[in-house]
Amino acid sequence: MKLNRLLEITTILLNKKTVTAAELAERFEVSTRTIYRDIDVLSGSGVPVYCSQGSGGGISILEGYTVSRAVLSDSERDSVLLALQTLEATRYPEINAVLEKLGGIFQNAKNTDSDWISVDFSPWGSNPNTKNKFSDIRAAILKSRVIEVDYINALNEKSRRKIEPLRLIFKSQAWYLWGYCLAKWDYRLFRISRIKSVRVTDEVFKREKEHVIKNGEKASDSKEETMINLSMKFTGDALYRLCDDFDDELIVDNGDGTYSIEMNFPDSEWIYNYILSFGGSVKVLSPESVVKIIKERAEGVLEIYAGNGF
């Protein structure tokens, strides 16, 4: 416990210019006398800690001091911090505290500019920790506890499930839970934003050798989807979205200001919503079955605004 306190005091001093003994005592719930003894231990161990008196005084660490520079090179430290910043952008809970600590430990006297990169997924990402969902699921995974969740799947079906949670996966700007569904008696992938409540039960499960899942692509909580070959033509004003969604080699420039995409897509509700999201900037060329469904849905939208809906 004392060693942990000494390490955390060092981290605090690396990130703050000056802190008082009273502030440290309150944080660690010890006496100021204990804090001063800790400072003596740190000083005796070679950490350049010193105390200053008077207004604005307190405990400080020598400017430019860093912990164990030999452990990682400058480029390796930058890589670690970049990875953590990227994880922060996914809204991973508690990562800010880790960044604060490592930012102080890895600080480089030669290069103190930490603003060389900014990663932010906030307009498109989802907050996985609403109502502590993420934290509860993580705790259940670590303790091998069954969870009970209220879930809405891709078919808009609401259900209550009991799940043996195995792994958290971040893919395509969203968090997923990979686990064994006791209702389906099979492994499933659950999107955390669709989990509306989580209750960690007292039921402990034995973690068996799980089915292989690669990049979250081998299983889902919907019926197995068939694939269709879809051919579409887009107007030029949709090019930016095509660049966002498809590799360059899949985007065919027709030379007349339009662009074409032809590839296999899952025959699911998602693809129809995706096509309709382009409005008048897309025309489905084939297959005819998809053309028919898009026409029917477009006519349904017109009916709504003609006053015949809702």
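Coordinates for the structure precede this section.
Residues numbered from 1 in each chain as written. Predicted model: local features only at pLDDT ≥ 70, side-chain atom pairs only at ≥ 80, totals over all residues. Heavy atoms only, no water.

A count of helices and strands for the protein chain gives 9 helices and 11 strands. Counting only residues that meet the buried cut, the protein chain has 34% of its 310 residues in that class. Intrachain contacts of the protein chain at a sequence separation of at least 6 include 59% that bridge at least 24 residues. As displayed, the protein chain offers around 19600 Å² of accessible surface, 50% of which is attributable to carbon and sulfur atoms. (Helix = DSSP H or I, 4+ residues; strand = E, 2+ residues; numbered from the N terminus. Buried < 20%, exposed > 50% of the residue type's maximum accessible area, 1.4 Å probe, protein only. Contact = heavy atoms within 4.5 Å. Areas by Shrake-Rupley, 256 points an atom, 1.4 Å probe, with all protein chains shown as cover.)

Right, let's get into the nonpolar core. If you look at the biggest cluster of nonpolar residues, it comprises 21 residues, and the most contacted ones within it are L230, M232, F234, L242, I275, V284 and V290. When contributions to this core are tallied by element, the ones reaching two or more residues are strand 8 (227–235), strand 10 (258–266), helix 8 (269–276), strand 11 (282–286) and helix 9 (288–308). Sequence-distant contacts of F234, that is, excluding residues within four places in its chain, are made with L242, T258, Y259, I261, F278, S281 and V282. Membership of the second largest hydrophobic core comes to 17 residues, among which are I12, V19, L42 and I61. (Core = buried A, V, L, I, M, F, W, Y, C linked by side-chain atoms within 4.5 Å.)

Looking now at the environment of T258. By secondary structure assignment, the location of T258 is in strand 10. Expressed as a C-alpha distance, the spacing of T258 and A238, which sit 20 residues apart in the sequence, is 9.0 Å. Discounting residues that sit within four places of it in the chain, T258 has contacts with K233, F234, V252 and D253. Polar side-chain contacts of T258 include one of 2.9 Å to the side chain of N254. Within polar-contact distance, the side chain of T258 engages the side chain of D256 at 2.5 Å. (Polar contact = N/O pair within 3.5 Å; in protein donor to acceptor, adjacent residues only side chain to side chain.)

Among the surface-exposed residues, V301, I304 and Y305 lie close enough to one another that they form a single nonpolar patch of about 330 Å² accessible area. Structurally, I304 can be placed in helix 9. (Patch = residues over 30% accessible without salt bridge, like charges linked within 9 Å, V, L, I, M, F, W, Y side chains within 5 Å. Salt bridge = Lys/Arg side-chain N within 4 Å of Asp/Glu carboxyl O.)

On to the sheet that holds strand 9 (residues 252–253), then. Pairing is antiparallel in the open sheet, where 4 strands are placed in the order 9-10-8-11. Edge positions in the sheet fall to strand 9 and strand 11, since each of these pairs with one other strand and no more. Across 9 bridges, the pairing between strand 8 and strand 10 is antiparallel. For I228, the partnering residue across the bridge sits in strand 10 and is F265. Most of the contacts of helix 8 go to strand 10, to which it runs at about 165 degrees, and overall it touches strand 8, strand 10 and strand 11. (Pairing = 2+ DSSP bridges. Axes fitted to C-alpha atoms, helices over the stretch in contact; angles between N-to-C directions.)

So, about the environment of L13. Summarising the element assignment, L13 is placed in helix 1 (residues 2–15). Spatially, the C-alpha atom of L13 lies 5.9 Å from that of I61, the residues being 48 residues apart in sequence. Excluding its chain neighbours within four sequence positions, the residues that come into contact with L13 are V19, V49, I59, S60 and I61.

Taken together, the 5 strands give an open sheet; going across it, the order is 6-5-4-3-7, and neighbouring strands pair in antiparallel fashion. Each end of this open sheet is capped by a strand with a single partner; those strands are strand 6 (186–191) and strand 7 (195–204). Neighbour-to-neighbour, the strand axes of the sheet open up by a mean angle of 45 degrees, direction not taken into account. Pairing between strand 4 (residues 158–171) and strand 5 (residues 174–181): 8 bridges, direction antiparallel. Across the sheet, the residue bridging to F170 is W175, located in strand 5. Across the sheet, helix 6 (residues 133–143) touches strand 3 (145–152), strand 4, strand 5 and strand 7, and the angle it forms with strand 4 is around 85 degrees.

Another point: the pattern of salt bridges. A side chain with one charge may pair with a side chain of the opposite charge, provided their charged atoms come close. The full count for this structure, using the stated rule, is 7 salt bridges. Put simply, E203 and K162 hold a salt bridge, and the shortest N to O gap is 3.1 Å. Placement of the pair is E203 in strand 7 and K162 in strand 4, with a sequence separation of 41 residues. A salt bridge links R297 to E269; the nearest nitrogen and oxygen atoms lie 2.7 Å apart. With R297 in helix 9 and E269 in helix 8, this pair connects stretches of sequence that are 28 residues apart. A residue is classified by how much of its surface remains accessible, and E269, at 35% relative accessible area, is partly exposed.

This is a description of form; function is not addressed.
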